[in-house]
Amino acid sequence: MKKVMMGNHAVSYGARLSRVQVISAYPITPQTQIVEELSELCARGELEAKFIKVESEHSAMAACIGASAGGARAFTATSSQGLALMHELLHWAAGARLPIVLANVNRAMGPGWSIWSEQTDSLAQRDTGWLQIYCESNQEVLDTTIQAFKIAETLSLPVMVILDAFFLSHTYEPVDIPDQRGIDRFLPPFQPKVKMDIRDPHAFGALVTPEHYYEFRYNIQKAFERATGVIEEVGREFGEHFGRYYGLLEEYEMDDAEIVLVTSSTITSTARAVVRERRARGEKIGLLKVRVFRPFPFAAIRQALSGVRKAAVIDRNISFGHHGIFFSEIKSALYGQPDAPRLFGFIAGLGGRDVTPETIHDIIDITQHESKPQQDIYWIGLKSAGQKATAPKTAAVK
Amino acid sequence: MEARNYSPKDFRSDIKPVWCPGCGDFGVLNALYQALAKLQLPHEDVAIVSGIGCSSRLPGYVKTYGFNSIHGRALPVAQGVKLARPETTVIAVAGDGDGLSIGAGHFPHMARRNIDLTYIMLDNSIYGMTKGQMSPTTVEEQPTKTTPYGMVEDPINPVKLALAYGASFIARSFSGNIKHTVQMIIQAIQHPGFSFLHLLSPCVTFVGRDQFDLIRSLSVDLGNEHDPTSVEHAWRVAEEVGRISMGVIFEADKPTFEQRYEHAKQLAHQAGDGDFRNLLKKYRVAA
């Protein structure tokens, strides 16, 4: 059944179809509608789940941890500052190997206060032990939310489903909703490997001496190494059930491409249209979408970019004092590869500034024009000193 | 310093409030302009610190120092400002979601510490900025977007909390009664130590216009029989059902954090611990 819905509700429907059992969340723009819809579904009895609106995001993740350890399929959603407040517990959820699914709406961090799109919030959580999947469309949001539970429960690891603020969260698109019976076949009920059970008692979160801690970490890394295969397998299986296939990356016009744009999230859709236009002019431009950021798909990236002359990575995020975060990860993946492309790093669209087709054209032009990067970072669409910003006036503090 | 004669409009900043038409917070803002003018506080001697939420937009609309800080953290940030700039009149502004939910953990510690600052809680019993979810003060019969069929949790009574936490000044007012709100803000600012003002400020958009009428109909003035220095009287007000008493509920004469800190410093000095060389002598190892 097709329905026109906003990205936030695509998450809600994904969670509903996955038959989540405990939902714990705190309101934050631009996420709130995800849990609002879920609370409504719970209240109407359309979803057999316990919904709790807790007192902070920190508590939201804590409740998910408790629920998951109790054997329930647990879900939460947040954004930006809320995700940052969860930080301590994100480590905990992963360390405890709890298959919690969290939807994060990418929003810039304050100050200055912003509610608009930027990926730095979720990327700053990259070392917490969560898988991270970035979505390009509302369809992908719904499908990924469902797959996320299967991936998480297969690996005993938490998964973050990530969507852009407003460009997806509040934008309405047609979404095909799979039927519940199909989803039930694809995603059987959660069978926790360890849970609170009197017949098989366990202690949770006990002190671990240096005797054992190291091996726990090794095991998590091993699970992440398995994760690329699991994500591909789950994406394939989903395709067999519902006709939409998903992988680690998505290639567009890559066969004979000399210059490749590397993107994630909604910037990809704009880039795809621009690539189509440049292809029509006979230019050999391709596009590589990175869907999965953790585990980082090293092998797939190397293979996709092998033999490409130049690649331009577009980051709607920044690691201060370093680079765009996708750029630096891709660069590390290509280290020592004999046929690696010259890599150009572009920052664009921070704090929700529009990345328009013109922005993408500029990026392609620069990459075409320069034989090798002239700058560590290219800031695209930066207002020069003489240009007046058109941003609304902020509170004058004297 | 030259004498300045401030009028309320001198405290109006050039930022136009983005609150919904009819929002109770306009009343609070007006009352604050008037209170600051009555106190003749120079702009540069006042800092207003807020968290996140509709009410937390307030500092931007007042011509003083202003901080729109982090969700729930108005109190600790205000505390930092007061410690760094003790001569400043520091006012923390928070909503019920901000101050009783995510930031509730700061409330007891600020109260027991008795730092000389004013904490104004603008209570509309809803998360207005995120468009209408239940808050810690939402009452049972009030449906919200996260509780479409009514509340399943008990509301928090902020005055009870303040009393239990040992706040040295507790008052309540209603933004629909600007005259009274002005008085309460002035008294809260003048009180030495931590003062808590529970300010009912309706949300016409997500609760409805009825909230004004309901509060007005339940409002009663704390009469002369009420003795704000009596903890018993204060508890009676805090526990009351079916009416909302307005006025100074409790006021205690308690040394402030700053005074006690100075006192501790003096004791250390008298004990000779204030001298670093003396301290070092304690740990001298014989050669």
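1. Notes on the overall build of chain A
Secondary structure assignment for chain A yields 12 helices and 15 strands. Over its C-alpha atoms chain A spans a radius of gyration of 21 Å, differing by no more than 12% from the 21 Å that the globule rule assigns to 398 residues. Taken across its 398 residues, chain A has 57% of its residues classed as buried. Considering only contacts in chain A between residues 6 or more positions apart, those separated by 24 or more positions represent 80%. Total accessible area computed for chain A in this model is approximately 17400 Å², and 53% of it derives from carbon and sulfur atoms. One finds the centroid of the 43 positive side-chain charges in chain A at a distance of 2 Å from the centroid of its 46 negative side-chain charges.

2. Some thoughts on a negative patch on the surface
A surface patch of negative charge is lined by A:E55, B:E140, B:E141, B:E153 and B:D154. Residue placement: B:E153 occurs in the loop between strand 6 (133-134) and helix 5 (158-165). Residue classification places B:E153 among the partly exposed positions, given a relative accessible area of 34%.

3. Examining the domain arrangement of chain A
Residue and element names in this part refer to chain A. By domain assignment, chain A separates into domain 1 (2-242) and domain 2 (249-379). Domain 1 puts 27 residues into the contact, and the matching count from domain 2 is 25 residues. When the two sides are added together, the surface that domain 1 and domain 2 hide from each other amounts to roughly 2300 Å², 52% of it contributed by carbon and sulfur. Of all residues in domain 1, Q119, R126 and E136 bury the most surface against domain 2, accounting for 29% of the area lost on that side. Joining domain 1 to domain 2, the criterion identifies 5 salt bridges. The residue E140 makes a salt bridge to R291 at a minimum N-O spacing of 3.9 Å. For the pair domain 1 and domain 2, the number of links is 19 residue pairs in polar contact (both at pLDDT 80 or more).

4. Focus: the packing of helix 2 (residues 74-84) of chain B against helix 4 (residues 106-113) of chain B
Residues and elements named next belong to chain B. Viewed as axis vectors pointing N to C, helix 2 and helix 4 meet at an angle of 35 degrees, and their least axial separation amounts to 9 Å. Between helix 2, through L75, P76 and Q79, and helix 4, the contact on the second element is made entirely by H106, F107, M110 and R113. Among the residues forming the contact of helix 2 with helix 4, the class breakdown is 4 nonpolar, 2 polar and 1 charged.

5. Regarding the sheet that holds strand 1 (residues 46-50) of chain B
Residue and element names in this part refer to chain B. What the 8 strands build is an open sheet, ordered 2-1-3-4-8-7-10-9; its pairing is mixed. The sheet is open, and its two edges are formed by strand 2 (65-68) and strand 9 (219-221), each paired on a single side. Taking the axes of each pair of neighbouring strands and ignoring which way they run, one obtains an average angle of 20 degrees across the sheet. Alignment of strand 9 against strand 10 (residues 244-251), held across 3 bridges, turns out to be parallel. Bridge pairing in strand 10 places V220 opposite S245. Relative to the sheet, helix 8 (residues 231-239) contacts strand 7 (169-174) and strand 10, its axis offset from that of strand 10 by approximately 150 degrees.

So, how was this worked out
Residues numbered from 1 in each chain as written. Chains lettered and ligands numbered in written order. Predicted model: local features only at pLDDT ≥ 70, side-chain atom pairs only at ≥ 80, totals over all residues. Heavy atoms only, no water. Helix = DSSP H or I, 4+ residues; strand = E, 2+ residues; numbered from the N terminus. Rg over C-alpha atoms; globule rule 2.2 N^0.38 Å. Buried < 20%, exposed > 50% of the residue type's maximum accessible area, 1.4 Å probe, protein only. Contact = heavy atoms within 4.5 Å. Areas by Shrake-Rupley, 256 points an atom, 1.4 Å probe, with all protein chains shown as cover. Lys, Arg positive; Asp, Glu negative; His and termini not counted. Charge placed at Lys NZ, Arg CZ, Asp CG, Glu CD. Patch = residues over 30% accessible without salt bridge, like charges linked within 9 Å, V, L, I, M, F, W, Y side chains within 5 Å. Salt bridge = Lys/Arg side-chain N within 4 Å of Asp/Glu carboxyl O. Domains from an automatic or database assignment. Buried area = accessible area lost by both parts, 1.4 Å probe. Polar contact = N/O pair within 3.5 Å; in protein donor to acceptor, adjacent residues only side chain to side chain. Axes fitted to C-alpha atoms, helices over the stretch in contact; angles between N-to-C directions. Nonpolar A, V, L, I, M, F, W, Y, C, P; charged D, E, K, R; others polar. Pairing = 2+ DSSP bridges.

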